[in-house]
Amino acid sequence: MTFSPSPFEKHTFRGREIFVKRDDALHVDFSGNKARKFHWFFNQEFPHVKRLVSYGSNQSNAMYSLSVMARMRGWEFIYFCNHIPDFLKEHPIGNYKHSLENGMQIFETIQRQEDAYMFTDSSDLVIEEGGRQKEAEFGVKVLADELKKDIKRSSIENPYIYLPSGTGTTALFLQKNLPFRVFTCSTVGGDEYLKNQFLELELNEKKFPKILSCKKKYHYGKIYKELYEIWLEIKKDMGITFDLMYDPVGWTKFLLHIDNIEGTPIYIHQGGLKGNESMLERYKRKYKP
Ligand SMILES: *Cc1c(COP(=O)(O)O)cnc(C)c1O
């Protein structure tokens, strides 16, 4: 399987020129970022594999993309998560719902990683939480090569890349494969946590993307009115719907630093829009927007 290059667009936001790489439009059935990270797996034979095993959160974009891959390849898909709230079991929504529709078997356990490995035998393919593994570099390099062409075609001077990180895998492999500066921010843990994630994949700190920080701590998956507001402003201003887990934190931190970074920004839209169903529901319940 190959993907056609995703669109590359010029926009303005709050009076600034910003290019956006639309990986959200990469494939209808995959969450953009995860399609890149799992690209290597799509093209392997795996003659002995009958089951795909993974673990992570109950609304993960990775979980959904893996459920698509398993269905396409005729594998069972087994997934371990810590907890599924009763209201979600009774009213499935978002990635959880769509993954179940693709045949996912989901189990609740406190030790999701350990249990995923305990469960596994040699005929299973195990994928790390969020796709944080070295195989991800293959597809991220494809993205890097597209970006080089996009930048050349649009004659962008002094470009730099920005994208919010979860595991940091995408940002790290982009920096490794691009001659341009890559900036990112943490959304899951703090900045130290993100740096430790980079270290799991790369020992040379010189090759790390630069982390943009902010004083306020946003807890992963929690909802904040100001995050919803920035998401809405971007949607109205640029006409682009971003994801609600990573991007509002990503944009908030970016806007704090944008004036101090020289050059032309390129924001990577990493998809994840299926996850918005459940986030929007939660915002509606709390703030009735
Ligand atoms: C998974 C994901 C991320 C984080 O990617 P990492 O490689 O784990 O840093 C960011 N945005 C979206 C929409 C995602 O699905």
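Please refer to the structure placed before this passage.
A quick note: this is a predicted structure, and the numbers were derived from the prediction, not measured.

**Q** Which parts of the structure should I look at to understand the site of the ligand?
**A** With respect to spatial proximity, 17 residues lie near the ligand, and among them Lys34, Lys37, Asn61, Thr167 and Thr170 are the closest. Within the contact set of the ligand, an oxygen atom lies 2.8 Å away from a backbone nitrogen or oxygen of Gly168. Coverage of the ligand by the protein amounts to 98% of the 390 Å² it exposes when considered alone. Where the shell around the ligand is concerned, the elements lending two or more residues are α1 (32-42), β7 (159-165) and α7 (169-177). Counting residues per element, the shell around the ligand draws most heavily on α1, which supplies 3 residues.

**Q** What am I meant to see in the sheet that holds strand β5 (residues 105-108) here?
**A** A sheet is described by the order of its strands in space; here 4 strands give the open sequence β5-β4-β3-β6, paired in parallel fashion. Every other strand in the sheet has two partners, leaving β5 and β6 (124-127) as the edge strands with one partner each. Averaged over all pairs of adjacent strands, the angle between their axes in this sheet comes to 20°, without regard to strand direction. Sheet topology places strand β3 (residues 51-55) next to β6; 4 bridges connect them, and they run parallel. Bridged to Arg51 within β6 is Asp124. Against the sheet, helix α2 (residues 61-73) touches β3, β4 (76-81), β5 and β6, its axis set at about 165° to β4.

**Q** Sorry if this is basic, but what is going on with the sheet that holds strand β9 (residues 210-211) here?
**A** Strand order in the open sheet formed by 6 strands is β1-β2-β10-β7-β8-β9, and the pairing between neighbours is mixed. The outermost strands of the open sheet, each flanked by one partner alone, are β1 (8-13) and β9.

**Q** How do you make sense of the packing of helix α9 (residues 225-238) against helix α11 (residues 276-287) when you look at a structure like this?
**A** How two helices pack is summed up by the angle between their axes together with the distance between the axes. One can describe the packing of α9 onto α11 by two numbers: an axis separation of 11 Å at closest approach and a directional angle of 120°. On the basis of the axis angle, α9 is oblique to α11. Once α9 is placed against α11, the crossing between them reads as left-handed. Here α9 contributes Lys225, Leu227, Tyr228 and Trp231 to the contact with α11, which in turn contributes Asn276, Leu280, Tyr283 and Tyr287. When its residues are assigned to classes, the contact of α9 with α11 shows 6 nonpolar, 1 polar and 1 charged.

**Q** What exactly am I supposed to notice about the pairing of β4 here?
**A** Regular strands have side chains that alternate between both faces of the sheet. Of all 6 residues making up β4, 5 are buried, and the element is well covered by its neighbours. Pairing of β3 with β4, which is carried by 5 bridges, proceeds in the parallel orientation. Each residue of the ladder has a partner; that of Arg51, found in β4, is Glu76. Between the parallel elements β3 and β4, the chain passes through α2 in a crossover that is right-handed. Where β4 and β5 come together, 4 bridges link them in parallel fashion. Counterpart to Cys81 in the pairing with β5 is Glu108.

**Q** Would you mind going over the packing of α9 against helix α10 (residues 247-257) with me for this structure?
**A** Between α9 and α10, whose axes approach to 9 Å, the crossing angle comes to 85°. Classified by the angle between their axes, α9 and α10 sit roughly perpendicular to one another. Across the interface between the two elements, Leu227, Ile230, Trp231, Ile234 and Met238 from α9 touch Pro248, Val249, Trp251, Thr252 and Leu255 from α10. Residue composition of the contact of α9 with α10, grouped by class: 9 nonpolar, 1 polar and no charged.

**Q** Can you walk me through helix α6 (residues 136-153) in this structure?
**A** Residues spaced three or four apart along an α-helix point in a common direction, a consequence of the helix completing one turn every 3.6 residues. The terminal C-alpha atoms of α6 lie 26 Å apart, and with 18 residues this matches the ideal 26 Å at 1.5 Å per residue to within 8%. Of the positions making up α6, those classed as buried are Ala136, Gly139, Val140, Leu143, Ala144, Glu146, Leu147, Asp150 and Ile151. Seen along its axis, α6 keeps its buried residues to an arc of 165°; they face one direction. Exposed and oriented more than 90 degrees from the buried face of α6 are Lys149, Lys152 and Arg153. In the stretch just after α6, Ser155 is the one whose phi turns positive, near 45°.

**Q** Sorry if this is basic, but what is going on with the side chain of His11 here?
**A** Looking at the element boundaries, His11 is found in strand β1. Classification of His11 as buried rests on a relative accessible area of 15%. For His11, the side chain forms a polar contact with the side chain of Glu9, separated by 2.8 Å. Dropping the residues within four chain positions of it, His11 is found in contact with Arg16, Glu17, Ile18, Val20, Met238 and Ile240.

**Q** Is there a simple way to think about the pattern of salt bridges in this case?
**A** Any two side chains of opposite charge can pair, so long as their charged atoms come close to each other. Taken as a whole and judged by the stated rule, the model has 24 salt bridges. Residues Lys176 and Glu137 are paired through a salt bridge, measuring 3.9 Å at the closest nitrogen-oxygen approach. With a gap of 39 residues between them, Lys176 in helix α7 and Glu137 in helix α6 connect regions that are remote in the sequence. For Glu137, a relative accessible area of 21% translates into the label partly exposed. The residue Glu202 makes a salt bridge to Lys176 at a minimum N-O spacing of 3.3 Å.

Criteria and cut-off values
Residues numbered from 1 in each chain as written. Predicted model: local features only at pLDDT ≥ 70, side-chain atom pairs only at ≥ 80, totals over all residues. Heavy atoms only, no water. Near = heavy atom within 4 Å. Polar contact = N/O pair within 3.5 Å; in protein donor to acceptor, adjacent residues only side chain to side chain. Areas by Shrake-Rupley, 256 points an atom, 1.4 Å probe, with all protein chains shown as cover. Helix = DSSP H or I, 4+ residues; strand = E, 2+ residues; numbered from the N terminus. Pairing = 2+ DSSP bridges. Axes fitted to C-alpha atoms, helices over the stretch in contact; angles between N-to-C directions. Contact = heavy atoms within 4.5 Å. Parallel < 35°, antiparallel > 145°, perpendicular 65-115°, else oblique. Left-handed = near helix turned anticlockwise from the far one by under 90°. Nonpolar A, V, L, I, M, F, W, Y, C, P; charged D, E, K, R; others polar. Buried < 20%, exposed > 50% of the residue type's maximum accessible area, 1.4 Å probe, protein only. Right-handed = clockwise from strand over helix to strand, strands pointing away. Expected span 1.5 Å × (residues − 1). Arc of directions from axis to C-beta. Salt bridge = Lys/Arg side-chain N within 4 Å of Asp/Glu carboxyl O.

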